[in-house]
Amino acid sequence: MEIKELTRAEEQIMQVLWQLKKGFVKDVIDILPEPKPAYNTVSTIIRILETKGFVDHAAFGKSHQYHPIISREQYQYFATDKLLNGYFDNSVKRMFSFFVQKEKIDLKEADEIMTLIEKLKDK
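Analysis parameters
Per-chain numbering applies: the sequence of each chain, read as written, is numbered from 1 onward. Restriction of local features to residues with pLDDT of at least 70 applies here, the model being predicted, together with a cutoff of 80 or more for giving and counting side-chain atom pairs; totals for whole chains, interfaces and linings are based on all residues. Side-chain metrics rest on all non-hydrogen atoms present in the structure, leaving aside hydrogens and water. UniProt positions are given in the numbering used here, feature names are shortened, and annotations may be inferred rather than shown by experiment. Numbering of helices and strands runs from the N terminus, with a helix taken as a DSSP run of H or I at least four residues long and a strand as a DSSP run of E at least two residues long. Here the radius of gyration uses the C-alpha set of atoms, whereas the globule reference equals 2.2 Å times the residue count to the power 0.38. Relative accessibility decides the category of a residue: with a 1.4 Å probe and only protein chains considered, values under 20% of the type maximum give buried, values over 50% give exposed, and everything between is partly exposed. Any pair of residues with heavy atoms lying within 4.5 Å of one another is described as a contacting pair. To estimate how far a helix should extend, the number of its residues minus one is multiplied by 1.5 Å. Patch membership needs two things, relative accessible area over 30% and no salt bridge, and members are linked within 9 Å if like-charged or within 5 Å if nonpolar (Val, Leu, Ile, Met, Phe, Trp, Tyr). Exposure was quantified through the Shrake-Rupley algorithm and a 1.4 Å probe, taking into account, for residues, occlusion by the shown protein chains and nothing else. Any Lys or Arg side-chain nitrogen located within 4 Å of an Asp or Glu carboxyl oxygen qualifies as a salt bridge. Only four residue types enter the tally: Lys and Arg on the positive side, Asp and Glu on the negative side, with His and both chain ends excluded. For charged residues, the charge sits on one atom: NZ in Lys, CZ in Arg, CG in Asp, CD in Glu. Each axis is a line fitted through C-alpha atoms, taken for helices only over the stretch in contact, and angles between the N-to-C directions span 0 to 180 degrees. Comment on the angle field: the value is read as roughly parallel under 35 degrees, roughly antiparallel over 145, roughly perpendicular from 65 to 115, and oblique elsewhere.

As recorded in an unreviewed UniProt entry, the protein chain goes by BlaI/MecI/CopY family transcriptional regulator and comes from Mucilaginibacter mali. UniProt, in its Sequence similarities (unreviewed entry) section for the protein chain, records the words "Belongs to the BlaI transcriptional regulatory family."

Structure representation (structure tokens):
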């Protein structure tokens, strides 16, 4: 199945559903930051996510309990691949250089990255 890009609002709802694993609209609203969106707004976004193939539901009478069917890791891969291909010509080196230049990587993270690189070399 092809993963589709999420809007900011859809992604925010998915982050909550990934955290909850499953929940009703009220459960999602409880976790969202202030100002809380209206119940109908969250319900509509979740139904859109269902149409896009990100969530499914179990019916309990008139209520629906929603759960993700696309994992956070699957979407991370999709989003990272889109970023890498769309902005860095599929070059990890260019992307890494960008983050270094923007000072988004501190020395501790750089050391951890070097450790990962050394492990790759040993394989």
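Now that the structure is up, let's keep going.
(A) Structural detail: the overall build of the protein chain. Summing up its helical and strand segments, the protein chain has 6 helices and 2 strands in all. Overall, the protein chain shows an N-to-C arrangement of helices and strands of α-α-α-β-β-α-α-α. Against the 2.2 N^0.38 benchmark of 14 Å for 123 residues, the protein chain shows a C-alpha radius of gyration of 19 Å, more extended than a compact globule. In terms of overall dimensions, the protein chain has a C-alpha envelope of 55 × 35 × 25 Å along the principal axes. The buried share of the protein chain, taken over its 123 residues, is 24%. Counted over contacts in the protein chain with a minimum sequence separation of 6, partners at least 24 positions apart contribute 46%.

(B) A look at helix α1 (residues 8–20). The terminal C-alpha atoms of α1 lie 19 Å apart, and with 13 residues this matches the ideal 18 Å at 1.5 Å per residue to within 8%. Looking only at α1, the buried set comprises E10, I13, M14, V16, L17 and W18. Directly beyond the C-terminal end of α1, a positive phi value near 80° is found at K21.

(C) Fine view of a negative patch on the surface. The grouping of D106, E109, D111 and E112 at the surface amounts to a negative patch. Position of E109 among the secondary structure elements: in helix α6 (residues 107–122). We classify E109 as partly exposed; its relative accessible area is 35%.

(D) Quick look at the packing of helix α4 (residues 72–88) against helix α5 (residues 92–101). As a packed pair, α4 and α5 sit with axes 9 Å apart at the nearest point and diverge in direction by 90°. Looking at the two axes, α4 sits roughly perpendicular to α5. Here L83, L84 and F88 of α4 lie close against α5, whose contacting residues are V92, R94, M95 and F98.

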